[in-house]
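Structural overview
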Amino acid sequence: MPVLPSYTLTCQWVRELRRWQQGVLVAVQLRLPDADPVTVGRYGTTPRQVTAAQAVAVIRRLDDPRGYEVFVPRAVTPGEVRRVRDVPQGVGWRYLPQAHGRRPCGCCAQRGGYKGAGLRRWFPYDGPPRPKHELMANLRDAATADEIIDVLSELGRARRGGAWELAHLAEHPDPHVRDTLASVLRVYRGREARQLRQRLQVDSADDGPPDA
């Protein structure tokens, strides 16, 4: 991330990365030549190739840069490292940039992850999974993004087939719906599920940052 006026936005990835990395993370500040090629984009989208200076400009002019990232496709030299410092391990967002205030999903809580067992206790799914035909009927009747997400979360409780029935949601305007769909498709079997996941990755490029 570029160094932004907001410390929280600059270090926004710490809390999410802590879910996947053991040990204590530190902040490493670099100084790169303006013309160096990098990629920039929001996670889950196809990044764009720009220069380092253009990547900084793209992120600085965003109203909400949460979830954006810059990749340097080469080794960083020791001379480009300007500072290494401690960073609070709880800064930033987890799961999704807009996850705060949304009801956690107990069935998707990462096993072995921080407070995962607590989430499964606090937000259990009561009773056995509902049959697929009932859930698909609820999905057809769902009128809001939250209702769609609730049904998708239930569909993700068991291994299933027939991913093509969810293909229309890949074009849904709400990114939370698309993110939930991508997560749920991991429990679906077959080539259709794999192709739909790939389609979500490709189509998400339309949500990328504006031209620098």
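Values in this document were obtained by computation on a predicted structure and should not be read as measured data.

Thoughts on a nonpolar patch on the surface
Judged by side-chain polarity, Val26, Val28, Leu30, Val76, Val81 and Val84 come together as a nonpolar surface patch covering roughly 450 Å² of accessible area. Breaking the nonpolar patch down by element, the ones donating at least two residues are strand S1 (26-30) and strand S5 (81-86). Here the nonpolar patch gets 3 residues from one element, more than from any other, and that element is S1. Tracing the sequence through the fold places Val84 in strand S5. Accessibility expressed as a relative area gives 55% for Val84, which makes it exposed.

Thoughts on the pairing of strand S3 (residues 48-51)
In the sheet, strand S2 (residues 37-42) pairs with S3 via 4 bridges, with the strands oriented antiparallel. Bridge pairing in S3 places Pro37 opposite Thr51. The antiparallel pairing of S2 with S3 creates a hairpin that spans 5 residues between the two strands, and Gly44 there sits at a positive phi of about 80°.

Considerations on the nonpolar core
Core analysis: the biggest nonpolar cluster contains 22 residues, and Leu152, Leu155, Leu166, Leu181, Leu185 and Tyr188 have the highest contact counts within it. Of all the secondary structure elements, the ones that give two or more residues to this core are helix H5 (132-141), helix H6 (145-155), helix H7 (175-184) and helix H8 (191-203). Residue contributions to this core peak at 6 residues, all from H6. Filtering out sequence-adjacent residues up to four positions away, Leu152 remains in contact with Leu166, Leu169, Val177, Thr180, Leu181 and Val184. If you look at the next biggest cluster of nonpolar residues, it comprises 10 residues, including Leu4, Val38, Val50 and Ala52.

Description of the pattern of salt bridges
Inspection of the entire model under this criterion finds 7 salt bridges. A salt bridge links Arg130 to Glu134; the shortest N-O distance between them is 3.0 Å. In this structure Arg130 comes out as partly exposed when scored by relative accessible area, which is 27%. Among the ionic pairs, Arg130 bridges to Glu154, the shortest N-O distance being 2.8 Å. One end of the pair, Arg130, is in the loop between helix H4 (116-122) and H5; the other, Glu154, is in helix H6, and 24 residues separate them in sequence. With a relative accessible area of 17%, Glu154 lands in the buried category.

Considerations on the sheet that holds strand S4 (residues 68-71)
Ordered in space as S3-S2-S4, the 3 strands form an open sheet in which the pairing is antiparallel. Bordering the open sheet on either side are S3 and S4, each of which pairs with just one other strand. In this sheet, adjacent strand axes meet at a mean angle of 35° when their direction is disregarded. Strand contacts of helix H3 (residues 52-60): S2, S3 and S4, with the helix running at about 110° to S3, the strand carrying the most contacts.

Definitions and cut-offs
Residues numbered from 1 in each chain as written. Predicted model: local features only at pLDDT ≥ 70, side-chain atom pairs only at ≥ 80, totals over all residues. Heavy atoms only, no water. Patch = residues over 30% accessible without salt bridge, like charges linked within 9 Å, V, L, I, M, F, W, Y side chains within 5 Å. Areas by Shrake-Rupley, 256 points an atom, 1.4 Å probe, with all protein chains shown as cover. Salt bridge = Lys/Arg side-chain N within 4 Å of Asp/Glu carboxyl O. Helix = DSSP H or I, 4+ residues; strand = E, 2+ residues; numbered from the N terminus. Buried < 20%, exposed > 50% of the residue type's maximum accessible area, 1.4 Å probe, protein only. Pairing = 2+ DSSP bridges. Core = buried A, V, L, I, M, F, W, Y, C linked by side-chain atoms within 4.5 Å. Contact = heavy atoms within 4.5 Å. Axes fitted to C-alpha atoms, helices over the stretch in contact; angles between N-to-C directions.

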